Amino acid sequence: MKISSEILRLDPQAVSEKLERFIRDNVRKTFRKKGIVVGISGGLDSAVTAALSVKAVGGERVHGVILPEEDSNPVSREYALKAIESLGIEYNEVNITPVLEVFGVYEKRDRIVRKYFPDLGDDYRFRITLPQDLLERDRLNVYHLEVQENSGEIMEARLSRDDYLEMMAANDIKQRVRMTQLYYEAEKRHYIVCGTTNLPETVQGFFVKFGDGGVDMEPLGDLYKTQVYQLGEYLEIPREIL
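Residues numbered from 1 in each chain as written. Predicted model: local features only at pLDDT ≥ 70, side-chain atom pairs only at ≥ 80, totals over all residues. Heavy atoms only, no water.

Caption draft 1: Looking closely at the packing of aromatic side chains. Going through the model one piece at a time under the given rule, you end up with one aromatic pair. Consider the rings of Tyr143 and Tyr164, whose centres lie 4.0 Å apart with planes at 5°: the pair is stacked. Placement of the pair is Tyr143 in the loop between strand E4 (124–129) and strand E5 (144–149) and Tyr164 in helix H6 (residues 161–187), with a sequence separation of 21 residues. Classification of Tyr143 by relative accessible area gives partly exposed; the value is 30%. On the basis of relative accessible area, Tyr164 is assigned to the buried category, the value being 18%. (Phe/Tyr/Trp six-rings, centres within 6.5 Å; stacked < 30°, edge-to-face > 60°. Helix = DSSP H or I, 4+ residues; strand = E, 2+ residues; numbered from the N terminus. Buried < 20%, exposed > 50% of the residue type's maximum accessible area, 1.4 Å probe, protein only.)

Caption draft 2: Just the sheet that holds strand E7 (residues 191–194), in detail. Strand order across the open sheet formed by four strands is E3-E2-E1-E7, with parallel pairing between neighbours. Whereas interior strands pair on both sides, the edge strands pair on one side only; in this sheet they are strand E3 (90–93) and E7. Taken over all neighbouring pairs, the strand axes of this sheet differ in orientation by 25° on average, direction set aside. Bridge count between strand E1 (residues 35–39) and strand E2 (residues 62–66): four bridges; the pairing is parallel. Looking across to E2, one finds that Val37 is bridged to His63. Of the strands in this sheet, E1, E2 and E7 are in contact with helix H2 (residues 44–57), which crosses E1 at around 170°. (Pairing = 2+ DSSP bridges. Axes fitted to C-alpha atoms, helices over the stretch in contact; angles between N-to-C directions. Contact = heavy atoms within 4.5 Å.)

Caption draft 3: View of unusual backbone geometry. One non-glycine residue, Arg32, adopts positive backbone phi at about 55°. For Arg32, the position within the fold is in the loop between helix H1 (12–30) and E1. Classification of Arg32 by relative accessible area gives exposed; the value is 63%. The backbone of Glu236 shows a phi angle near 60°, a positive value even though the residue is not glycine. Within the secondary structure layout, Glu236 lies in the segment after helix H8 (225–234). Residue classification places Glu236 among the exposed residues on the basis of a relative accessible area of 67%.

Okay, here's the thing in structure tokens:
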């Protein structure tokens, strides 16, 4: 059954004003802090969160943080800077690659990838996938490792349960390191950390415990993604991000 998109339509001005009050009350009354730190990823959720924060407490009390690492897409940084420039807020950028190397994040990942593809070159991209026809399948669905070499060749292998869990455990370190850096930036300014998780992500558990889920408040926690888009248009988020 197809659900009409009208069900999720909102009054963006009214919702924005409600969330601004929520943010302002958290900063001033609940936590009694001076301002807000937001991790700016280059995506829509963080751009909308930052824009709401600026409207709530003023741009001079909102600080953006860009946290790239070895696997980050360069476009993410480009869009993060567009969001920051459009809001006129201060920011700093911290490359967390050295910290992740100390934790062995990349080494753990590479060891598992090369277990399945021992002849793989040094320059490759990978992702973990599930079959796209999940609803039509009558058998167990398992994760696959998909690897693309610099030549463009794509290879795929079925991941064992233990290897999948280890890769995800290593990858989640990235979010926990980001959380640590965000709280460092917040605490030295007497600010709070504002999260960017939306409703579907919350319901599905699509966040990392003590990572991107480790924040002081979640303004978008009651909004579906299509509603975040509506807010983004109202808040005049840069078109590339939308």
